[in-house]
Amino acid sequence: MLRVGSSAARVACRNLVSSNMGVRFRLPLQKLHPLSRAIHHRYSGNGNPHRTPHRTAARYFTSMSRLPMRPSKPPPRSGGHRYQQQRNFWVASLAARLLRLRYILLGTAVGGGYTAKKTYEEWKDMLPDFSEYNWVIPDFVWELSDQIDLDKLAKALPEMEEIAKLLPDFEKIGENFTFLKSLLSSETSGDPALKATDSSAGAGHDASDKQYKKQGLLGELILIQQQIQRHEEEVRRAAAANSARSPPQDPSPNPNPSTQTRKSSDKEKIDQLQEELLRTQLKYQRMLERLEKENKELRKVVLQKDDKGIHQRKVKKSLIDLYSEVLDILSDYDANYNTQDHLPRVVVVGDQSAGKTSVLEMIAQARIFPRGSGEMMTRSPVKVTLSEGPHHVARFKDSGREFDLTKEEDLAALRHEIELRMRKSVKEGQTVSSETISLSVKGPGIQRMVLVDLPGVISTVTAGMATDTKETIFSISKAYMQNPNAIILCIQDGSVDAERSIVTDLVSQMDPQGKRTIFVLTKVDLAEKNLASPSRIQQIVEGKLFPMKALGYFAVVTGKGSTGESIDAIKDYEEDFFQNSRLLRDGMLKAHQVTTKNLSLAVSDCFWKMVRESVEQQADVFKASRFNLETEWKNNYPRLRELDRNELFEKAKNEILDEVISLSQVTPQLWESILQKKLWERVSTHVIENIYLPAAQTMDSGTFNTTVDIKLKQWTDKQLPHKALEVAWETLQEEFARFMAEYKGKDQDDIFDKLKEAVKDESIKRHKWNERAMDSLRVIQHNALEDRSITDKPQWDAAIQFMEETLQSRLKDTESVIRDMVGPDWKQRWMNWINRTPEQHVRNETKNELDRLLKLHDDHTAYLANDEVTTVRKNLEGRGVEVDPVLIKDTWHQLYRRHFLQKALTHCNLCKRGFYYYQRHFVDSELECNDVVLFWRIQRMLVITANTLRQQLTNTEVRRLEKNVKEVLDDFGEDMEKKTQLITGRRVQLAEDLKKVREIQEKLEAFIEALHKEK
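Residues numbered from 1 in each chain as written. Predicted model: local features only at pLDDT ≥ 70, side-chain atom pairs only at ≥ 80, totals over all residues. Heavy atoms only, no water.

**Q** Would you mind going over the overall build of the protein with me for this structure?
**A** Secondary structure summary: the protein contains 38 helices and nine strands in total. Within the span of the protein, comprising 1015 residues, buried residues form 43% of the whole. When contacts within the protein are restricted to residue pairs at least 6 apart in sequence, long-range pairs at least 24 apart make up 79% of them. A total accessible area of about 58,000 Å² is found for the protein, and carbon and sulfur atoms account for 51% of it. (Helix = DSSP H or I, 4+ residues; strand = E, 2+ residues; numbered from the N terminus. Buried < 20%, exposed > 50% of the residue type's maximum accessible area, 1.4 Å probe, protein only. Contact = heavy atoms within 4.5 Å. Areas by Shrake-Rupley, 256 points an atom, 1.4 Å probe, with all protein chains shown as cover.)

Pasting the structure below:
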C-alpha cells in the first residue's frame, strides 16, 4: 500500500509540475538560447536532454527522492504538526508489525495515504513560482515559434544520403584494404618456403594487428605497411636461403640436371615474389595518394571556410610563420657575445646544375625560380618558408604583393622579381652575394618547413665571373652548414659520374657522422639510361659509393629537362618512371626512397624533430645574452634611454629641421650687412686693379668717366651677377652651418655630428640657385651702376668714407708686400738679430733706386719704359748688384702701387669738401672728384645687390633649402647602410643589439608556446 501511495503521489506531483508552473513553453527548452538556458537552470544538474527541465527541478523537491543525510527542520508555518504525523505513522507501523493484525493494515494504508497527501501539499507549497522569472528569458524566445517555421526548416536540411555523397567512399577503401590483406595472406600462405617464417612471426603480430584494426583507416594502412615490410624481409630470407642451399661449383663439364632445375625454380620463385611485392607496394602507394588527395581537398575546403572569417577576428599566425619571422630577424642580427644562430633550417646544397632548384620547386609545388641552361641562376641564398594555406600563393618578406601560383603570368612575374632581386644584391665586381632573399609559399598540402637554396658549388671559375667566386660560394655554404642544427639536403646529379662531385666532400667535412644530412640523387631516369651498371645507383642510395654518411637516401626525377613542364606533368612522369623502372622491380630501390613526395615528408619530419629538440635551448641562449647586454647598458649609460639607430635618427632629424627653421629668424638688416660685406670682399680686387687704377691713369675727367663706364658695363655683363649669386649661396651655407653649430648646448648629443655634417653637405650639393634670378639681378646692377647723381651731402660723405677705407686697406696690404720683399729694416735686424736674404738684399737695393726715380718724377705712369729699366739696372750694377729686369718691373709695380694709393688718399681728403663743386659739375674749379663718384656708384650697387639677394634668400632660397634638407633626411632614413655609417658608436650598437635580442627572445617564446599547444 505504501508503494501504491508513493506512486500516486509521484504521478500527481508530476502532473502538478507540468501543468501549474505558471510559464508556457511552445518550444523545448534545450532549443533555446544557451545563455538563457544556463541562467534559467543554474540549479539543475540533470544531464538528460529529453526530460523537461522543470520536471527535473521538481524532482529535487519531491518527497519520494533520495532522503537527506540529516532530518530537515519543520517549516515555521506548520509548527509541530508534521512531526506529530510522522510519529503517528511510525507508531501505527510498529503496532501492525507487532500485533500482525489485518485490520490495522487497512488503517495503515489510509494513514499512509493521508500522510503522503500532506507531505505532497507541503512540498508543493515549497516549490518556487517560476512565473516571477519570466524576465530571464529574452522576449524573442517566446516569439521564436511564431517567426520560424520549424517544419520548413527541417525540410530544408539536406538528407543523410546527400551528406554521405560528400564523404569519401569508405566502402571502396575497405574493399581495397580487404583485397590487399587477402593478397598478402595468399602470397604468404602460397609459398611453402615462407610458411615456417610466417608461422613463427605471426604470433607476435596478432596482437598488434588487432590493435591497428580497431584504429580505423589509419590503422589499416599501418597494418598493410608492416605486412609489406614483413614481406620484404621474407623475400630477403628466401634469397639468402637459396644462396645457402646452392652447392659449390662442380668443375666437371656435365653438371647435375636436377641441381640446375632446382636453381632455376628457386630463382623464378624469387623473381615472382619480387614482382608481386612491387605490385603490392605500387597499389599501396596509389591508395595513399588517393587518400592524400581527398584529404588535401577536404583541408582546402576547411581552410577556405576558416579564411572567410579572417577579417572578423584577429589574425593568428601559423607556427611556421612565427618560426620564419625569427629566422628573418636573426639574418639581420650581427651577433655579439658569441650568440650564434643555431636554429634549424633545411640547407639545400649541390653542384651547379645538379637540380637543387628543381627539387625545391617540386617540394613547393610551383615553378617559382628563374631557370637557365648550364649557367648560374642562383646568385644569392633564397630562404623559402613553406606552409599550408587555402590558396597557392607566394609573397616576399618586404612586399605586400601576393603572386597567384596557379596563374602563369604571376609565376613569370615572380621568377622575374627573384632574378632582379638576386642581381640587385650582387655588388659591382662580384658574381654571387651572401644577402638572403626571403620568400614565403603557401598552398594546400604543402609540408611546413624552412628551406634555404644556396648557389651551386663550382669547380672552375669561367669567363665573366669574379676571381673569388668559387671561394665565396664555399664560404656561404659553410656558413649555413656549420650550424649544428641545420639539416643538409645534399643534391647529387645522377646523370654524371660520381667522381666529379664536389659537394659530397664539402658535406662530409661539415657533417662527418651524417646525423643531419639527407642525400638526394636527381635525374635518375637519365642515370638508368646512361649507366651500364644499374647497381651503381644502388650503391649510391645505400651510401656505399661516397665517403659521406646520411640519415636517409632518396632518388627523384624532376622532369625531362624542359622549362615549360608543369609540376603535375613532372609528378606524373616521375610516377610512371618508377612504376616501370628496373630499379624498383629488381629491388635496388625501396618504395619509400623514391619520389619527391616521400622526400618532402621525410625532410619535414626531420626538420620539426630538430626544431623541437633545439628551440628551447636557443631561447635560453638569447635570454642569457639579453641579460648581459642589459647589464652593460646599466653600467655604462645609466641615465640614457635605450634608443636604437632608427630612434636616434628621428631625434637628429627633428633637431636639424629646427635648425633650418631658425634661418627664417635672421633679420633683413643682418642678411644685407653680411651680403654687402662678403660681396665687396669678393669684387674689391677687381674694382681696384681692373677699373680704378686703369681709369686713374687717364689725363682728364672725360676719359676717366668713359673708361669707368666701359669697364663697369663689361664687368656687369660677364662676372658681377655670378659673383653675387656665389656670395649669396656661400652666405646661406655659412649661416646654416653657424646655426647648426650654435644649436649645440648641454643637451646636444655628439653622436649626431657626422649625420648633421653629411646632411648639410648633401643639401648644399643638391641646392641650385634659381637661374632666372641672375638675369633680373644683372639688370638691377646695371641700372645701379649707371646712376651718377649723388643727391645729398651724407651720401657724398659715405662715399668718401668708403673710398678712404678701401684705399687704406689696400695701402696696408701693399706695404706688407714690400716689407716681405726687402726684408727687415735696420731696427728689426738689430733688435731681433735677423738678416736679409741675398734676394731681399737685391730687392732692397732695387727699391731704393726706384724710390729715387719716383721722387724725381712724381707724375710717372704706371709702367717703366725699357730705357728706364736699363738705367736702373746699370746703376745697380755700378754698386755691384746684379739684378734681373723682371725683378725690377715687379718691384716697380708694388712701389708705384703704394705711391698711387698715397696720392689717392691725399686726393680723397681734399674731396671731403667737394660736394659743392660736384653740384656745379666742377665748373670753375681745379678740384675734380670723379673717383669719389665711382666709389659711390660701387657702394650703391653693393647696397641694391645685397637687398635683392636678401629678398631672394628669405622668400625663396631658404624654403628651397629646407625642402632639400627634408628630402636628404628622407633619403637617409630609407638607406640603412647610410644610417649605419653616420650614426655609430658602442652606445648605438649596444642599443641595436638589445632591441634585436629582445625581439628574438619574444618571438622565440611565442613560437615555443604555440609549439607546445600544437603538441
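Having seen the model, we can carry on.
**Q** Teacher, can you tell me more about the sheet that holds strand β4 (residues 403-404) here?
**A** Each strand in a sheet pairs with its neighbour through backbone hydrogen bonds, running either in the same direction (parallel) or in the opposite one (antiparallel). A sheet is described by the order of its strands in space; here nine strands give the open sequence β4-β3-β5-β2-β6-β1-β7-β8-β9, paired in mixed fashion. In the strand order of this sheet, the two ends are held by β4 and β9 (552-555), each with one partner. The sheet contacts of helix α15 (residues 356-364) involve β1 (346-350), β2 (382-388), β5 (437-443), β6 (449-453), β7 (487-493) and β8 (517-522), and relative to β6 the element is tilted by about 160°. (Pairing = 2+ DSSP bridges. Axes fitted to C-alpha atoms, helices over the stretch in contact; angles between N-to-C directions.)

**Q** Could you clarify how one ought to interpret the state of the cysteines in this entry?
**A** Should the sulfur atoms of two cysteines be covalently bonded, the bond is a disulfide. Under the definition given, this model contains one disulfide. With a sulfur-sulfur separation of 2.1 Å, C911 is cross-linked through a disulfide to C929. Linking C911 and C929, the disulfide has an S-S dihedral of approximately -100° and is accordingly described as left-handed. In this pair, C911 is assigned in the loop between α34 (885-910) and α35 (915-919) and C929 in the loop between α35 and α36 (930-974), connecting sequence segments 18 residues apart. (Disulfide = S-S within 2.5 Å.)

**Q** I tried to follow the packing of aromatic side chains on my own but got confused; where do I start?
**A** Under the counting rule described, the total for this entry stands at 14 aromatic pairs. Their ring planes at 70° and their centres at 5.1 Å tell us that F577 and F578 sit as a pair that is edge-to-face. Residue class for F577 comes out buried when judged on its relative accessible area of 12%. For F578, a relative accessible area of 2% gives the class buried. Seen from their ring centres, Y692 and F935 are 5.4 Å apart, and the 75° between their planes marks the pair as edge-to-face. (Phe/Tyr/Trp six-rings, centres within 6.5 Å; stacked < 30°, edge-to-face > 60°.)

**Q** Please clarify how the pattern of salt bridges should be interpreted in this entry.
**A** Where charged atoms from two side chains of opposite charge approach closely, those side chains can pair. What the rule picks out here adds up to 44 salt bridges. Here K653 and D970 are joined by a salt bridge, their closest N and O atoms 3.2 Å apart. With K653 in helix α24 (residues 645-661) and D970 in helix α36, this residue pair connects regions lying 317 residues apart in the sequence. Judged by relative accessible area, D970 falls into the partly exposed class, the value being 38%. With its nearest N and O atoms 3.4 Å apart, the salt bridge here joins D709 to R788. (Salt bridge = Lys/Arg side-chain N within 4 Å of Asp/Glu carboxyl O.)

**Q** Whenever I open this one, the pairing of β7 confuses me. Can you help?
**A** Regular strands have side chains that alternate between both faces of the sheet. β7 sits mainly inside the fold: seven of its seven residues count as buried. Going residue by residue along β7, you find I487, L489, I491 and D493 tucked away on one face and I488, C490 and Q492 tucked away on the opposite face as well. Note: β1 against β7, five bridges, orientation parallel. Residue V347 lies in a different strand from β7, and its bridge partner there is I488. The pairing of β7 with β8 spans six bridges and is classified as parallel. Among the inter-strand pairings, I491 is bridged to a residue of β8, identified as V520.

**Q** Can you help me understand the pairing of strand β3 (residues 393-396) in this one?
**A** In the sheet, β3 pairs with β4 via two bridges, with the strands oriented antiparallel. Following the sheet pairing, A394 is matched in β4 by F403. Counting the residues in the hairpin turn of β3 and β4 gives six residues. Bridge count for β3 against β5 is four bridges, and the pairing is antiparallel. Among the inter-strand pairings, A394 is bridged to a residue of β5, identified as V441.

**Q** I tried to follow the packing of helix α32 (residues 838-856) against α34 on my own but got confused; where do I start?
**A** Each pair of packed helices gets described by two things: the angle between the helix axes and the distance between those axes. Between α32 and α34, the least distance of the axes is 10 Å, while the angle of their chain directions is 50°. When the axis of α32 is compared with that of α34, the two are oblique. As for the relative orientation of α32 and α34, their crossing is right-handed in sense. Counting all contacts with α32, which are made through V842, R843, T846, K847, L850, D851, L853 and L854, the residues of α34 involved are L887, I888, D890, T891, W892, L895, Y896, R898 and H899. Its residues assigned to classes, the contact of α32 with α34 shows nine nonpolar, three polar and five charged. (Parallel < 35°, antiparallel > 145°, perpendicular 65-115°, else oblique. Left-handed = near helix turned anticlockwise from the far one by under 90°. Nonpolar A, V, L, I, M, F, W, Y, C, P; charged D, E, K, R; others polar.)

**Q** What's the story with the packing of α24 against α36 in this structure? I'm lost.
**A** Their axes nearest at 10 Å, the elements α24 and α36 cross at an angle of 170°. In terms of axis orientation, α24 runs roughly antiparallel to α36. Note on element contacts: α36 touches α24 through E962, V965, K966, L969, D970, F972 and G973, opposite F649, K653, I656, L657, V660 and I661. Split into classes, the residues belonging to the contact of α24 with α36 amount to eight nonpolar, one polar and four charged.

**Q** Where do I start with the nonpolar core in this structure?
**A** Across soluble globular proteins, you tend to see nonpolar side chains buried next to one another. Of all hydrophobic cores here, the largest spans 101 residues; its most connected members are Y692, W715, W796, I938 and V965. Among the elements that line this core, the one with the most residues is α36, at 17 residues. Excluding residues that lie within four positions of it along the chain, V965 makes contacts with I656, L657, V660, F736, V759 and S763. Membership of the second largest hydrophobic core comes to 59 residues, among which are I368, I446, I518 and M610. (Core = buried A, V, L, I, M, F, W, Y, C linked by side-chain atoms within 4.5 Å.)

**Q** Would you take a moment to explain a nonpolar patch on the surface for this structure?
**A** Residues W826, W830 and M831 make up a contiguous nonpolar surface patch of roughly 490 Å² in combined accessible area. Here W826 shows up in helix α31 (residues 826-832). Residue classification places W826 among the exposed positions, given a relative accessible area of 59%. (Patch = residues over 30% accessible without salt bridge, like charges linked within 9 Å, V, L, I, M, F, W, Y side chains within 5 Å.)

**Q** Can you help me understand the confidence of the model for the protein in this one?
**A** Reading predicted coordinates in detail is not appropriate for stretches of low pLDDT. When pLDDT is averaged across the protein, the result is 75; 67% of the residues are at 70 or more. Looking across the protein, the model is least confident in helix α2 (residues 34-40), with a mean pLDDT of 36, and most confident in β1, with 92. Every residue in residues 1-87 scores below 50 in pLDDT, and together they form 73 contacts with partners more than four places removed in sequence or on other chains. Low pLDDT (under 50) marks residues 308-315, which in the prediction has two contacts with non-local residues, meaning those over four places away or in another chain. (pLDDT = per-residue confidence, 0-100.)

**Q** Would you take a moment to explain α24 for this structure?
**A** Helical geometry: 3.6 residues make up each α-helical turn, so side chains three or four residues apart lie on a common side. For α24, which comprises 17 residues, the first-to-last C-alpha distance of 24 Å matches the rise-based estimate of 24 Å (1.5 Å per residue) to within 8%. Within the sequence span of α24, burial applies to R645, L648, F649, A652, K653, E655, I656, L657, E659 and V660. (Expected span 1.5 Å × (residues − 1).)

**Q** Hey, could you run me through the side chain of R898 in this one?
**A** Counting through the fold element by element, R898 comes out in helix α34. The contacts of R898, once residues within four sequence positions are left out, are L811, T814, E815, I818, K847 and D851.

**Q** What should I look at first to understand the environment of Q781 in this one?
**A** If you trace the backbone, Q781 turns up in helix α29 (residues 772-786). The sequence separation of Q781 and D717 amounts to 64 residues, and the corresponding C-alpha distance is 9.5 Å. Other than its neighbours up to four places away in sequence, Q781 contacts T716, L720, P721, A724, M941 and T945.

**Q** What should I look at first to understand α29 in this one?
**A** For α29, spanning 15 residues, the distance from its first C-alpha to its last is 22 Å, which sits close to the expected 21 Å at 1.5 Å a residue. All buried positions along α29 are accounted for by A773, M774, L777, Q781, H782, A784 and L785. On an axial view of α29, the arc spanned by its buried residues comes to 160°, and they lie on one face. (Arc of directions from axis to C-beta.)

**Q** Would you mind going over unusual backbone geometry with me for this structure?
**A** Leaving glycine aside, a negative phi is the common case for residues, and trans is the common case for peptide bonds. Of note in this structure, Q365 is not a glycine but carries a positive phi near 65°. You can see Q365 is positioned in the loop between α15 and β2. Residue Q365 is classed as buried on the basis of its relative accessible area, which comes to 16%.

**Q** Honestly, the side chain of R345 in this entry has me stumped. Any pointers?
**A** Relative to the assigned elements, R345 resides in the loop between α14 (319-331) and β1. For R345, a relative accessible area of 8% translates into the label buried. At 2.9 Å, the side chain of R345 forms a polar contact with the backbone oxygen of L343. Once you skip the residues sitting within four places of it in the chain, R345 turns out to touch Y323, L327, V450, V452, N483, N485, A486, I487 and F607. (Polar contact = N/O pair within 3.5 Å; in protein donor to acceptor, adjacent residues only side chain to side chain.)

**Q** How do you make sense of the environment of N636 when you look at a structure like this?
**A** Here N636 lies in helix α23 (residues 596-636). In the structure, N636 is positioned 351 residues away from R987 in sequence and 8.7 Å away in space, judged by C-alpha atoms.

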